[in-house]
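Chain by chain, the residues:
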Number of protein chains: 4
Amino acid sequence: MASIGEKTNLDVFKQHESEVRSYCRSFPTIFTKAQGYKLWDGEGNEFIDFFAGAGALNYGHNHPKMKEKLMAYIESDGVTHGLDMATTAKEEFIEKLQSTILSPRNMEYKVMFPGPTGTNSVESALKLARKVTGRETVMSFTNAFHGMTLGSLSITGNQSKRHGAGVSLHNTVVMPYDNFIDNQTDSVQYIERFLEDKGSGVSKPAAIILETVQGEGGINVSSFDWLKRLEALCKKLEIFLIVDDIQAGVGRTGPFFSFEPAGIKPDIICLSKSIGGYGLPFALTLIKPEHDIWDPGEHNGTFRGNNLAFVTATEALSFWEDDTLTNEVNKKGEKVQEFLKSLAEKYPKLNGSVRGRGLMQGLVCDVDGLADAICCSAFEKGLILETAGIDDQVIKVMPPLNIDDKALDEGLAILEESIKEVLKNK
Amino acid sequence: MASIGEKTNLDVFKQHESEVRSYCRSFPTIFTKAQGYKLWDGEGNEFIDFFAGAGALNYGHNHPKMKEKLMAYIESDGVTHGLDMATTAKEEFIEKLQSTILSPRNMEYKVMFPGPTGTNSVESALKLARKVTGRETVMSFTNAFHGMTLGSLSITGNQSKRHGAGVSLHNTVVMPYDNFIDNQTDSVQYIERFLEDKGSGVSKPAAIILETVQGEGGINVSSFDWLKRLEALCKKLEIFLIVDDIQAGVGRTGPFFSFEPAGIKPDIICLSKSIGGYGLPFALTLIKPEHDIWDPGEHNGTFRGNNLAFVTATEALSFWEDDTLTNEVNKKGEKVQEFLKSLAEKYPKLNGSVRGRGLMQGLVCDVDGLADAICCSAFEKGLILETAGIDDQVIKVMPPLNIDDKALDEGLAILEESIKEVLKNK
Amino acid sequence: MASIGEKTNLDVFKQHESEVRSYCRSFPTIFTKAQGYKLWDGEGNEFIDFFAGAGALNYGHNHPKMKEKLMAYIESDGVTHGLDMATTAKEEFIEKLQSTILSPRNMEYKVMFPGPTGTNSVESALKLARKVTGRETVMSFTNAFHGMTLGSLSITGNQSKRHGAGVSLHNTVVMPYDNFIDNQTDSVQYIERFLEDKGSGVSKPAAIILETVQGEGGINVSSFDWLKRLEALCKKLEIFLIVDDIQAGVGRTGPFFSFEPAGIKPDIICLSKSIGGYGLPFALTLIKPEHDIWDPGEHNGTFRGNNLAFVTATEALSFWEDDTLTNEVNKKGEKVQEFLKSLAEKYPKLNGSVRGRGLMQGLVCDVDGLADAICCSAFEKGLILETAGIDDQVIKVMPPLNIDDKALDEGLAILEESIKEVLKNK
Amino acid sequence: MASIGEKTNLDVFKQHESEVRSYCRSFPTIFTKAQGYKLWDGEGNEFIDFFAGAGALNYGHNHPKMKEKLMAYIESDGVTHGLDMATTAKEEFIEKLQSTILSPRNMEYKVMFPGPTGTNSVESALKLARKVTGRETVMSFTNAFHGMTLGSLSITGNQSKRHGAGVSLHNTVVMPYDNFIDNQTDSVQYIERFLEDKGSGVSKPAAIILETVQGEGGINVSSFDWLKRLEALCKKLEIFLIVDDIQAGVGRTGPFFSFEPAGIKPDIICLSKSIGGYGLPFALTLIKPEHDIWDPGEHNGTFRGNNLAFVTATEALSFWEDDTLTNEVNKKGEKVQEFLKSLAEKYPKLNGSVRGRGLMQGLVCDVDGLADAICCSAFEKGLILETAGIDDQVIKVMPPLNIDDKALDEGLAILEESIKEVLKNK
């Protein structure tokens with residue numbers, strides 16, 4: 001299969017698409033079809049997908065049940081586009097979200113449709129936190145990733161993406177994520193010290209925003225204790241706690257919301273990616289009712305009501321009527337983690353370590369360029385894998401949650417083969 | 001039909017959706033089905049759509065040909081989500097855009113997929129203009145509307161939406177749109193005066209961004225001469241000219257690009273809304289090749305490659321293989337404008353005036369609350385109409401471009417009835 | 001006297017002083033002594049001073065009466081430095097300011113000592129206007145000059161000085177000064193149009209700040225009618241009117257406050273330069289009592305109470321016990337203006353025009369580099385003259401107000417000689 | 001002496017001076033005369049000055065030698081005001097600074113006169129660091145105090161002073177000062193961690209600015225080791241190191257520059273307060289020659305050349321021709337520190353601790369309002385003392401450096417009496 005991409009003619013993209021294109025460079029072939037954990041290209045190659053649309057395909061590609069509902073809706077001329085007008089598709093989604101997700105967890109939240117992408121949700125969360133508190137600063141964390149529009153970018157850590165703004169980014173203050181400095185310094189205490197001293201130069205922020213597991217930042221995992229103490233600090237000082245659960249949520253780390261095991265209740269929750277179920281553009285902002293002081297249309301947008309996504313999202317929520325999926329993720333997550341740990345041990349040249357939660361696992365390779373080379377080799381062997389971290393030093397293992405054991409084993413085996421090959425050629 | 005919405009139970013929305021919801025308040029019923037220029041609600045009411053998804057439905061709802069292609073693609077398990085990986089759906093779209101739109105117009109542009117909404121496109125345009133020029137300021141116009149994320153909001157005029165940012169908005173300078181001050185002051189000369197005097201306090205901007213016809217701002221129409229002179233100024237001073245053609249483009253004012261009759265070639269063009277054809281989230285940024293200096297992934301996002309939208313967008317471009325649609329729009333546009341002018345004359349209490357281009361027409365009612373009341377009355381009579389302008393003083397007439405004459409007449413008749421009714425009750 | 005500066009050894013300055021030094025380049029000699037309108041250098045050259053410390057020496061150098069008071073105070077060990085502690089010198093100044101200046105004009109103002117320079121006063125004015133109104137934006141004018149610290153710089157027009165900030169400058173909006181665009185466009189109406197339209201993108205500012213005659217900006221004179229209408233607009237919209245009277249005040253244009261003939265009462269007045277009388281660092285901020293809501297020490301600084309300056313400033317106010325000085329300034333101002341006009345007529349190669357008020361007069365030479373060359377030649381002939389305007393195109397005639405007629409004539413004669421010489425060599 | 005201030009009529013100040021006045025509230029009497037470490041008021045009360053103009057009077061009030069030179073200069077009509085024209089007074093100062101201070105220390109620096117106050121110097125330093133590096137961010141420390149104009153305020157920690165800006169303050173990032181978090185966390189390592197991780201969200205700053213001993217911030221002392229390591233970090237990363245030595249410099253902590261014992265050479269040094277010697281407004285910015293890339297006049301101001309201050313400053317530098325003063329300060333500093341420590345031990349109700357260096361000593365009283373009460377009581381007993389720290393919790397002991405032993409003892413005795421009295425009444 002060394003010939004993958006070889007025959008593929010990517011000229012149309014090279015000639016006409018902007019240089020900003022990225023994944024089509026890592027995976028240089030033209031894909032034609034997808035199903036579950038599999039993708040096929042025009043040359044007939046089959047790929048196992050350990051990338052899952054960067055977390056947008058927790059249920060795999062083109063899930064048959066969602067597909068059925070989607071086609072029926074389109075067939076019947078259900079409203080496709082209607083801005084944020086009320087439709088039956090939307091009504092059903094809202095009801096299912098309440099009955100399946102929020103009510104069983106005793107979570108009282110209003111749902112906002114802020115536009116169909118994660119960054120829309122983050123921008124809406126920042127606006128609302130600032131509006132309710134009347135404060136301007138938002139506190140974020142090292143290596144956070146929240147999106148590419150100017151507000152979200154201002155709380156994103158990646159230096160080259162920040163630089164891309166072309167202007168300086170304001171009204172934010174960055175604090176060390178759990179374990180950022182070293183394994184001893186307690187970053188919650190650190191934050192508290194800054195906030196309690198009125199001469200620190202850090203004013204009380206409108207909100208603290210975080211990912212419980214940082215995806216793009218390199219699969220950095222915060223402890224439940226850290227989250228709990230951060231929530232307590234926020235409560236004490238009346239600071240909004242915003243959890244950006246766009247990548248870590250919707251079961252990726254096990255539970256529906258990644259923060260459930262910490263027992264916290266954020267003031268605002270951002271969801272996107274897999275909430276739509278089928279990979280369609282879709283995002284939600286969940287808001288504690290007492291904070292829902294928006295004026296009508298104060299934040300708006302053309303694609304707030306993606307009705308096709310309502311249909312697939314509603315169907316997707318059926319996965320959460322019991323604990324089956326969560327249990328599955330936990331089990332598979334352990335398996336993946338153990339396997340990665342064994343790789344780190346077996347191949348000391350990786351200078352490897354493992355971190356992650358659920359099916360959001362990372363193999364850190366502390367050797368320049370190594371992780372990239374392994375992913376590249378894996379692609380040629382039929383496995384799609386992405387790197388993460390500021391130096392692309394982490395191999396991110398994120399298969400669809402419902403991948404079967406056989407495929408999971410197969411993918412992991414390809415990963416090991418790729419490691420062997422790359423290390424051999426070093 | 002006075003009972004529209006009466007029996008409708010909107011409780012789910014009222015209880016669980018955020019207060020930010022807006023159009024579902026203007027059109028208080030639950031829609032179930034849509035086709036062409038028609039919408040139906042759950043009570044069996046039928047509506048003529050003069051709103052067209054705020055310009056996202058130039059081909060009407062659920063166009064049969066696009067629907068067919070869309071269903072076939074889904075049926076065949078074509079890739080739905082794949083971030084910005086290369087797919088056949090994407091390849092076909094890029095080729096069709098080149099062959100149908102760009103090549104025939106001698107327009108050499110690279111296409112960027114900045115995320116699936118208009119504001120993503122605008123944010124990407126601002127970033128790129130700043131990157132290429134190394135300057136920070138962007139010049140925009142009074143009553144402009146470019147989106148709700150922080151970068152786009154900074155160049156949007158609406159005060160209450162700006163206020164919603166919760167932070168002050170920087171690196172922008174606002175200039176008077178054509179005819180903003182009065183009908184004599186020449187705003188291009190004004191801008192030039194500021195830019196030529198090194199003591200003016202206005203530094204040379206990275207870009208000037210504009211809509212040729214301002215949609216949300218109140219159907220303000222700039223003259224082709226004004227556009228031409230602005231382009232000349234930009235060229236002279238090496239300032240980027242960015243046209244946000246999100247609402248006015250894709251035939252809404254007649255030609256595919258709204259600026260074609262002015263004979264200008266912007267450095268960057270933002271497209272969204274109707275470019276997807278079927279109302280699916282989709283956006284493009286067109287970039288002159290010499291400016292395409294993005295680093296791979298410098299601007300990214302999860303939903304850059306909405307393959308379902310590629311499919312419908314490709315089909316939609318078929319409308320542009322000849323001038324039929326443009327001619328139709330011009331003809332219908334004239335008809336609408338004449339009708340609106342006759343209303344303004346016939347009903348002096350409207351304190352009315354008319355402005356617009358193509359099928360983007362506005363009836364300005366200079367009486368507080370009047371336009372809103374008329375749209376409200378129209379809804380009860382089965383016509384969906386939106387207001388625009390900072391004081392909601394403009395009735396915006398924006399039917400699907402391919403609406404038939406009979407329906408157009410019918411809709412206009414309802415508008416007149418609504419005016420009569422409202423004026424009678426005053 | 002063509003040898004001025006020739007023998008002077010400026011090595012100490014060249015070797016050890018920063019490249020930022022400026023006037024010592026225009027006037028390349030070492031001054032040793034000064035009296036009234038005269039300066040002497042170490043080579044025994046005598047100079048007539050038409051520069052007057054850029055407006056800081058309205059009473060000339062080392063006025064004998066102030067000198068006497070100053071020496072007596074120092075001799076008696078009066079408090080020199082005491083931060084803002086109460087001293088008799090300060091008490092006497094405050095009383096004299098009330099009795100001589102404020103009471104006779106029915107001006108009720110609190111006096112603040114914001115630090116001893118103009119920019120301190122401007123920064124304090126901006127802070128207070130923002131505090132009282134709760135708004136952030138400050139509106140300033142093209143070609144304004146308010147100082148070099150970051151707040152004052154943000155409302156200064158000069159592009160290269162702004163660039164010197166090294167960061168982008170925020171929370172300000174610049175409007176056209178009287179006659180900036182052309183002689184027809186009414187800039188008050190223009191501002192009003194922006195402020196009345198809630199979609200203009202210009203939010204209501206905390207304050208409008210202006211100089212009635214722009215000094216550094218090129219002796220641009222605003223009409224009393226323009227000032228009156230601007231004050232009316234500010235009152236209507238509850239915007240602070242701040243007059244920066246640092247250069248134009250203290251009699252420079254005739255009356256003590258430059259805005260008196262316009263009949264306006266600004267909310268805040270900034271004074272510095274000649275208010276100290278003797279050229280010592282000193283500044284005031286005058287505040288309408290109802291706006292004086294500072295917390296103690298909210299704005300502070302080490303040199304708020306320059307007691308030596310209190311002593312000379314108190315003495316200087318004696319000049320204002322009657323109209324003598326104002327009348328003198330008006331008379332001399334007319335004379336200067338007429339003379340400059342005659343020059344403009346007589347020497348068409350100057351491409352000259354004249355503008356100014358009182359003893360703040362400018363001869364605009366619309367030929368590149370000409371004004372500079374003339375001032376340079378004048379210096380060699382024993383006359384100290386500065387240029388102003390963004391292109392150094394204006395010869396600024398600003399002698400001490402109490403210069404005698406003979407010296408004034410002599411200086412003007414040197415100016416004409418210099419013009420002749422420069423034009424001859426062209 | 002309990003009657004101090006009782007008979008004093010402060011009406012003029014209360015009626016006519018702004019509410020922003022501060023020290024005249026702490027020391028409510030009208031001062032008439034000052035000499036050395038003594039002040040007298042109009043009621044004939046005599047005060048020992050442990051405040052020394054917040055560090056501006058290191059040589060005491062009205063030093064006889066400086067007074068003599070000053071009077072002779074004024075008498076001879078030496079140039080008082082001349083903007084930044086070359087004068088003999090200025091030339092002599094520059095030469096003396098080179099020969100007495102810079103050359104003996106092998107310090108090659110250009111001297112800039114940025115305007116006559118500390119904040120002018122800080123603003124000029126920030127501008128230059130940004131200009132040379134092309135970067136925007138400046139890193140400052142918790143509890144820093146650098147001035148009240150917008151640039152300096154942006155790097156000042158005090159929350160209420162920051163709030164006074166009325167706008168949000170940008171382009172700065174605050175880091176923990178030595179010992180800010182606790183006594184274990186190493187803040188240099190912390191800073192390094194942020195700067196080395198390209199995903200930290202903290203970009204490489206133009207400069208790091210610091211006080212070696214924070215005055216207003218509460219007499220916080222950084223260790224020489226910390227300074228050394230910070231300088232090393234700055235060198236490694238090509239970041240400017242700016243030392244604001246406005247309060248701690250000019251011998252206050254012993255050596256002329258407070259950082260000398262650390263063996264560092266900052267890129268820029270800010271001096272003001274005591275550099276003028278006599279308490280006149282004066283400030284310097286010292287710049288390493290390779291960074292002196294200012295354009296002429298790029299930073300300017302009316303009072304850059306305070307010639308009276310040149311005269312006294314030149315005389316004041318005579319103190320630094322040998323080590324006498326440094327040795328004296330060290331000796332007296334030890335004495336003061338020991339005495340304060342004994343007070344902290346003797347009066348446990350103070351909840352006291354002591355910190356400081358040289359004659360910049362602080363007695364921290366960790367009881368709400370206590371330090372203020374003690375200073376208030378001391379004033380009534382004839383001792384002038386200021387508090388520092390964000391909660392005014394530190395009694396700042398800062399007598400003139402040349403105070404004699406008897407007066408020092410006397411002052412300390414009054415301090416103890418005041419403590420006794422206040423604690424008794426608790």
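Anything mentioned here points back to the structure above.
Residues numbered from 1 in each chain as written. Chains lettered and ligands numbered in written order. Predicted model: local features only at pLDDT ≥ 70, side-chain atom pairs only at ≥ 80, totals over all residues. Heavy atoms only, no water.

Q: Please clarify how the sheet that holds strand E14 (residues 360-365) of chain D should be interpreted in this entry.
A: All names here are of chain D. Here we have 4 strands laid out as an open sheet, ordered E13-E14-E17-E16, and antiparallel in their pairing. Two strands bound the open sheet, and with one partner strand each, they are strand E13 (352-357) and strand E16 (386-388). For this sheet, the mean inter-axis angle between neighbouring strands, taken without regard to orientation, is 30 degrees. For E14 and strand E17 (residues 394-397), the ladder comprises 4 bridges, and the chain directions are antiparallel. Within the sheet, the bridge partner assigned to Gln361 lies in E17 and is Val397. (Pairing = 2+ DSSP bridges. Helix = DSSP H or I, 4+ residues; strand = E, 2+ residues; numbered from the N terminus. Axes fitted to C-alpha atoms, helices over the stretch in contact; angles between N-to-C directions.)

Q: It is not clear to me how the interface of chain B and chain A should be interpreted in this structure. Could you clarify?
A: A common way to express how large an interface is: the accessible area buried when the components associate. Counting from both sides, the interface comprises 103 residues of chain B and, opposite them, 103 residues of chain A. Both faces considered, chain B and chain A share a buried interface measuring about 8900 Å² in area, 62% of it formed by carbon and sulfur atoms. Here chain B is connected to chain A by 6 salt bridges. Our count for the contact surface shared by chain B and chain A stands at 46 residue pairs in polar contact (both at pLDDT 80 or more). The leading source of residues in the side of chain B that touches chain A is helix H5 (residues 88-102) of chain B, at 6 residues. In the side of chain B that touches chain A, the residues fall into 43 nonpolar, 35 polar and 25 charged. (Contact = heavy atoms within 4.5 Å. Buried area = accessible area lost by both parts, 1.4 Å probe. Salt bridge = Lys/Arg side-chain N within 4 Å of Asp/Glu carboxyl O. Polar contact = N/O pair within 3.5 Å; in protein donor to acceptor, adjacent residues only side chain to side chain. Nonpolar A, V, L, I, M, F, W, Y, C, P; charged D, E, K, R; others polar.)

Q: Honestly, the pattern of salt bridges in this entry has me stumped. Any pointers?
A: Note on pairing: side chains with opposite charge can pair once their charged atoms come close. Counted under the stated rule, the structure contains 108 salt bridges over all chains. The salt bridge partner of Glu216(D) is Lys396(D), with a shortest N-O separation of 3.0 Å. With Glu216(D) in the loop between strand E8 (213-214) and strand E9 (220-221) and Lys396(D) in strand E17, the pair connects residues that are 180 residues apart, well separated along the chain. Judged by its relative accessible area of 22%, Glu216(D) falls in the partly exposed class. Since its relative accessible area comes to 2%, Lys396(D) is described here as buried. Linked through salt bridges whose partners overlap, the residues forming this network are Glu19(A), Arg21(A), Arg25(A), Lys110(B) and Asp292(B). (Buried < 20%, exposed > 50% of the residue type's maximum accessible area, 1.4 Å probe, protein only.)

Q: What am I meant to see in the relation of the copies chain C and chain D here?
A: Between the two copies of this chain, the relationship is a rotation about some axis together with a displacement along it. Each copy superposes on the other: chain C lies on chain D with an RMSD of 0.0 Å after a rotation of 180 degrees and an axial shift of 0.0 Å. Taken together, the turn and the small shift mark the pair as related by a two-fold rotation axis. Measuring from the rotation axis to each C-alpha of chain C, the shortest distance belongs to Leu150(C), at 2.5 Å. When the interface residues of chain C are mapped onto chain D, 100% of them are again interface residues, pointing to one common binding face. (Least-squares fit on C-alpha atoms with pLDDT ≥ 70 in both.)

Q: Would you mind going over the sheet that holds strand E1 (residues 31-35) of chain C with me for this structure?
A: Sheets are built from strands paired through backbone hydrogen bonds, the pairs being either parallel or antiparallel. Residue and element names in this part refer to chain C. With respect to topology, 4 strands assemble into an open sheet ordered E1-E2-E3-E15, the strand pairing being mixed. Looking at which strands have only one partner, the edges of the open sheet turn out to be E1 and strand E15 (383-384). In terms of strand pairing, E1 meets strand E2 (residues 38-41) through 4 bridges, oriented antiparallel. Of the residues in E2, the one forming a bridge with Gln35 is Lys38.

Q: In this structure, what is going on with the interface of chain C and chain D? I would like to understand it.
A: The partner chain D presents 103 residues to the 103 residues of chain C that form the contact. Summed over both partners, the interface of chain C with chain D buries about 8900 Å², with 62% contributed by carbon and sulfur atoms. Connecting chain C to chain D are 6 salt bridges. With a closest N to O distance of 3.1 Å, Lys90(D) and Glu17(C) form a salt bridge. Inspection of the chain C/chain D interface yields 46 residue pairs in polar contact (both at pLDDT 80 or more). In terms of residue count, helix H5 (residues 88-102) of chain C provides more of the side of chain C that touches chain D than any other element does, 6 residues in total.

Spatial relationships are all this shows, so hold off on functional conclusions.
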